[in-house]
Number of protein chains: 2
Amino acid sequence: MVKRTCFEDAQCPIARSLDAIGDGWSLLIIRDALGGRRRFSEFQKSLGTAKNILAARLRALVAHGIFELRPASDGSAYQEYVLTDKGKDLFPVLVALRQWADDYLFEPGEEYTRLVDRKSGKRVRRLELHAQDGRLLRRQDTELVRVP
Amino acid sequence: MVKRTCFEDAQCPIARSLDAIGDGWSLLIIRDALGGRRRFSEFQKSLGTAKNILAARLRALVAHGIFELRPASDGSAYQEYVLTDKGKDLFPVLVALRQWADDYLFEPGEEYTRLVDRKSGKRVRRLELHAQDGRLLRRQDTELVRVP
């Protein structure tokens with residue numbers, strides 16, 4: 001990506017997140033991993049990216065503790081990239097990106113994938129933000145405060 | 001960013017979102033705009049980015065319909081970058097990134113900002129994903145299906 005200030009020491013959690021996974025490829029790799037892919041060749045086939053770029057991104061994701069390398073589950077010589085809890089917990093980020101795209105980046109009737117509740121098969125509701133007492137919060141019901 | 005396949009025609013909503021806002025800078029610009037910044041100079045000061053890079057990103061965000069350009073609200077000659085509804089609706093993406101960072105990228109006790117409910121001043125709850133019937137869904141309670 002374009003050169004930019006490193007935000008790793010920034011106070012802003014959003015900037016820190018983007019430092020770890022904000023390069024464009026990383027979230028697509030994580031999406032694929034949440035979908036069950038584990039091997040370099042599987043990611044490469046899915047993403048169509050150059051091997052050197054994919055290798056660099058996977059190395060960075062391992063360094064960030066988002067993936068861990070494991071011997072292949074089938075006993076072969078391959079290694080597998082397995083999401084850690086830290087990696088799996090990016091699920092809400094991907095859901096938020098998906099729901100925004102559903103609203104704004106698809107034509108009505110255009111074919112695509114849908115995130116559904118396994119039990120009912122019905123589309124999930126929008127992500128919801130609640131107050132501690134349960135009230136549903138809109139953006140304008142929230143504010144940022146500096147801590148402590 | 002590194003050269004990559006353009007995902008604009010991709011079926012995957014996540015890939016499309018990242019095409020629009022996945023370059024690393026864009027979400028920080030949108031974060032600043034949600035925080036009240038409107039002018040080129042304000043974004044530049046906040047982000048510390050080179051003017052040409054910021055100008056290119058803002059142009060792209062306007063082209064994507066995430067910002068619109070308006071005459072300055074104070075009647076001066078400046079133009080302001082104002083988030084459209086499409087832009088404002090990226091709020092959940094930023095909340096998801098923030099909450100992930102809170103969990104994994106900060107040391108205990110490290111100073112940072114916190115997203116709170118305006119009314120109570122208390123920290124908001126984690127983003128929640130619910131089924132149509134209201135059940136709280138974890139990642140493993142969901143699946144992707146191709147539509148139609």
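Reading the values: rules and limits
Residues numbered from 1 in each chain as written. Chains lettered and ligands numbered in written order. Predicted model: local features only at pLDDT ≥ 70, side-chain atom pairs only at ≥ 80, totals over all residues. Heavy atoms only, no water. Helix = DSSP H or I, 4+ residues; strand = E, 2+ residues; numbered from the N terminus. Buried < 20%, exposed > 50% of the residue type's maximum accessible area, 1.4 Å probe, protein only. Contact = heavy atoms within 4.5 Å. Areas by Shrake-Rupley, 256 points an atom, 1.4 Å probe, with all protein chains shown as cover. Buried area = accessible area lost by both parts, 1.4 Å probe. Salt bridge = Lys/Arg side-chain N within 4 Å of Asp/Glu carboxyl O. Polar contact = N/O pair within 3.5 Å; in protein donor to acceptor, adjacent residues only side chain to side chain. Phe/Tyr/Trp six-rings, centres within 6.5 Å; stacked < 30°, edge-to-face > 60°. Lys NZ or Arg CZ within 6 Å of the ring centre and 35° of its normal.

Chemist: Please set out the overall build of chain A residue by residue, giving values where relevant.
Modeler: Scanning chain A from terminus to terminus reveals six helices and four strands. Taken from N to C terminus, the helices and strands of chain A fall in the order α-α-α-α-β-β-α-α-β-β. Considering only C-alpha atoms, chain A reaches an extent of 50 × 45 × 30 Å along its principal axes. Of all 148 residues assigned to chain A, the portion counted as buried reaches 49%. For chain A, long-range pairs separated by at least 24 residues make up 39% of all intrachain contacts whose partners lie at least 6 apart in sequence. On chain A, roughly 7500 Å² of surface is accessible, and the fraction owed to carbon and sulfur atoms is 49%.

Chemist: Account for the interface of chain B and chain A, naming residues and giving values.
Modeler: At the junction of the two partners, chain B supplies 84 residues and chain A supplies 84 residues. Carbon and sulfur atoms supply 64% of the area that chain B and chain A bury against each other, a total of about 8200 Å² over both sides. For chain B, the biggest contributors to the area lost against chain A are I14, W100 and R139 of chain B; these three give 9% of the whole. Here chain B and chain A share six salt bridges between them. One salt bridge in this structure joins R118 of chain A and E143 of chain B, with 3.4 Å as the shortest N-O distance. At the boundary of chain B and chain A, one finds 28 residue pairs in polar contact (both at pLDDT 80 or more). Elements supplying a minimum of two residues to the side of chain B that touches chain A: α1 (13–21), α2 (25–34), α5 (85–88), α6 (91–104), β3 (112–117) and β4 (142–147) of chain B. Among the elements that line the side of chain B that touches chain A, the one with the most residues is α6 of chain B, at 13 residues.

Chemist: Which residues make up the packing of aromatic side chains, and what are the values?
Modeler: Tallied over the full model, the rule gives eight aromatic pairs over all chains. Ring centres of F67 of chain A and Y81 of chain A lie 6.3 Å apart, and the angle between their planes is 90°; on these two criteria the pair is classed as edge-to-face. Taken together, the residues F67 of chain A in strand β1 (residues 67–71) and Y81 of chain A in strand β2 (residues 79–83) connect sequence positions 14 residues apart. Just as F67 of chain A is buried, Y81 of chain A falls in that class too. Three or more aromatic residues joined by ring pairs form one cluster here, namely F43, F67 and Y81 of chain A. Cation over ring: R16 of chain A sits above F106 of chain B, and NZ or CZ is 3.7 Å from the ring centre.

Chemist: Describe in detail the pattern of salt bridges, supporting the description with residues and values.
Modeler: A side chain with one charge may pair with a side chain of the opposite charge, provided their charged atoms come close. Residues and elements named next belong to chain A. With the rule as written, the count across this model stands at 30 salt bridges over all chains. With a shortest N-O distance of 3.0 Å, R38 and E80 are connected by a salt bridge. With R38 in the loop between α2 (25–34) and α3 (40–47) and E80 in strand β2, this pair connects stretches of sequence that are 42 residues apart. Residue E80 is classed as buried on the basis of its relative accessible area of 4%. In this structure, a network of salt bridges that share partners links the residues R38, R39, D74 and E80.

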